[in-house]
Structure formats: C-alpha cells, structure tokens
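Here's the letter readout for the chains.
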Amino acid sequence: SPPASTFSPPGSPPLQLRLPPLFPSSSQPLFTCLDEGFYTGASRVFLNFELSVVPHNNLGGQGPVINQSFLDDSLFFRLSEESLSMWQGIYFANVGSEIITNSTGQYLSSFDMLIVNRTEYVPHKPANNGKKEGVGDFGVINLKGGSRCTFEYIFIDPRTGGRYQFSEVLSFFLFDLDTGRNAAL
C-alpha cells in the first residue's frame, strides 16, 4: 500500500493522504533512477525524448523541418484521413516503449508521438520546436507569450500506422519552463 502522509492546514485536524507508489514493485528500492526512459506513473510504459528522433517538425505549418520523404514513407501519414492537418505537427519517432506480456513471454513495444495544433498556433521562434539535442529530456513547443493553443498528442504504432493502444493508464506531464515579460507564465 502507498505510504501515508499527513497534511494539516492551519486550524484543522491532520488529514491523511495516500501517496501513489513511486515504483510499480515493492521489490525496487525507493528513489532509484530507471535504467531507460522516464517514469510515467505506469508500471510498463516509459517515455524518453532524449533517445527520440524528430524527422518532421512543422507545427501549425510554421516549419522548420518539412520532411516530405518521411511523410510519404510513414504508414501513419499514408493511412491518415486528416493528412493535411496531421502534416502540420511535430513527430517524435521512438519516443517511448512499453513492456508487453503475453503467453510467450515479454517483449518491448516502441511507439511514436505526433503533436498537432487544434486551434491557431502562434509561435515566437518555431525553430525551437522539437527537442534540444544534448540539453535535456524534454520535447519543446515554442508558443508566443500571451497566446493560447490547444494541442492533440497522438501516440502511434509505427509498425501498423495506427494509433498506439496502451495496456495501462499513464501520466503525461507538461512543463512551462520559461517566463514571459515580468516573469509571467
């Protein structure tokens, strides 16, 4: 069972909170780093932007990398009903993996991710989109200060060209790591 933590707002009795487990198995020690990928709250699903490749980077049709040969060769883009809007996205190939267990044992299944805008996308510097090589483990979406955009995150099975179906729920976190004018987010 997850560890309990107490939280006491001023002037109120202590409240017992159940925290989620840090790792999927009690046999793993607490506070250890994973060998590969990044913990997503799921016991078998891992994301790793650092090892991913961005073969196509054209969010909102703003560029900077329109890779027509990748689009032509990709099963996903060839099978997509929304080809024009899907081409206007950031494609992260091999962004994650999932440990699959079946009757013959376990195997690692890789998946890709496409980010597309569903409302008007106004960047400050679209060349910053994708990922920063050697700097960190994050995908990057550059958005002009004061603007808003709705994005869709599509996980793709590169073997079939269809949407990837996870075997369990995972947590996906977004961070705003910079600040706008006067340190506003």
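Please read these numbers as outputs of a predicted model, since none were measured by experiment.

### Overview of the overall build of the chain
Here comes step 1: Assigned secondary structure in the chain consists of 3 helices and 10 strands.
Here comes step 2: Helices (α) and strands (β) of the chain occur, in sequence order from the N terminus, as β-β-β-β-β-α-α-α-β-β-β-β-β.
Here comes step 3: Residues counted as buried form 31% of the 185 residues belonging to the chain.
Here comes step 4: Counting contacts in the chain only where the partners sit at least 6 residues apart, residues at least 24 apart contribute 54% of the total.
Here comes step 5: Accessible area for the chain stands at about 11,900 Å²; split by element, carbon and sulfur atoms hold 56% of it.

### Quick word on a nonpolar patch on the surface
Here comes step 1: The grouping of F138, F173, F175 and L177 at the surface amounts to a nonpolar patch, some 500 Å² of accessible area in total.
Here comes step 2: Mapped onto the elements of the fold, F138 is located in the loop between β8 (130-131) and β9 (139-140).
Here comes step 3: Owing to a relative accessible area of 41%, F138 belongs among the partly exposed residues under this scheme.

### Remarks on the pattern of salt bridges
Here comes step 1: What the rule picks out here adds up to 4 salt bridges.
Here comes step 2: The shortest N-O distance in the salt bridge between R44 and E168 comes to 3.6 Å. In this pair, R44 sits in the loop between β3 (38-39) and β4 (45-47) while E168 sits in the segment after β10 (151-156), placing the two residues 124 residues apart along the sequence.
Here comes step 3: Salt bridges linked by common partners bring R118, E152 and R163 together as one network.

### Topic: the nonpolar core
Here comes step 1: Of all hydrophobic cores here, the largest spans 17 residues; its most connected members are F92, V95, F111, M113, F151 and F155.
Here comes step 2: Every element with two or more residues in this core is listed here: β4, β6 (89-102), β7 (105-117) and β10.
Here comes step 3: Considering each element in turn, this core owes the most residues, 4 residues, to β6.
Here comes step 4: With residues up to four places along the chain from it excluded, the contact list for M113 reads F49, I90, Y91, F92, V95, Y153, I154, F155 and F172.

### Side note on the environment of N142
Here comes step 1: Structurally, N142 can be placed in the loop between β9 and β10.
Here comes step 2: The spacing of N142 and A127 is 15 residues in sequence and 8.3 Å in space, taken between C-alpha atoms.
Here comes step 3: Once residues within four sequence positions are removed from consideration, N142 is found in contact with Y121, P123, H124, K125, P126, N128 and N129.
Here comes step 4: A distance of 2.6 Å separates the side chain of N142 from the backbone nitrogen of K125, its partner in a polar contact.

### Topic: the packing of aromatic side chains
Geometry of an aromatic ring pair is reported as the spacing of the ring centres plus the angle between the planes.
Here comes step 1: Under the criterion given, the structure shown has 11 aromatic pairs.
Here comes step 2: Ring geometry for F111 against F155: centres 5.8 Å apart, planes inclined by 80°, an arrangement best described as edge-to-face. Taken together, the residues span a long stretch of sequence, with F111 in strand β7 and F155 in strand β10 at a distance of 44 residues. The same class applies to F111 as to F155, namely buried.
Here comes step 3: Ring plane angle 75° and centroid distance 5.2 Å describe the contact between F155 and F166, whose orientation is recorded as edge-to-face. With F155 in strand β10 and F166 in the segment after β10, the pair connects residues that are 11 residues apart, well separated along the chain.

The rules behind these values
- Residues numbered from 1 in each chain as written.
- Predicted model: local features only at pLDDT ≥ 70, side-chain atom pairs only at ≥ 80, totals over all residues.
- Heavy atoms only, no water.
- Helix = DSSP H or I, 4+ residues; strand = E, 2+ residues; numbered from the N terminus.
- Buried < 20%, exposed > 50% of the residue type's maximum accessible area, 1.4 Å probe, protein only.
- Contact = heavy atoms within 4.5 Å.
- Areas by Shrake-Rupley, 256 points an atom, 1.4 Å probe, with all protein chains shown as cover.
- Patch = residues over 30% accessible without salt bridge, like charges linked within 9 Å, V, L, I, M, F, W, Y side chains within 5 Å.
- Salt bridge = Lys/Arg side-chain N within 4 Å of Asp/Glu carboxyl O.
- Core = buried A, V, L, I, M, F, W, Y, C linked by side-chain atoms within 4.5 Å.
- Polar contact = N/O pair within 3.5 Å; in protein donor to acceptor, adjacent residues only side chain to side chain.
- Phe/Tyr/Trp six-rings, centres within 6.5 Å; stacked < 30°, edge-to-face > 60°.

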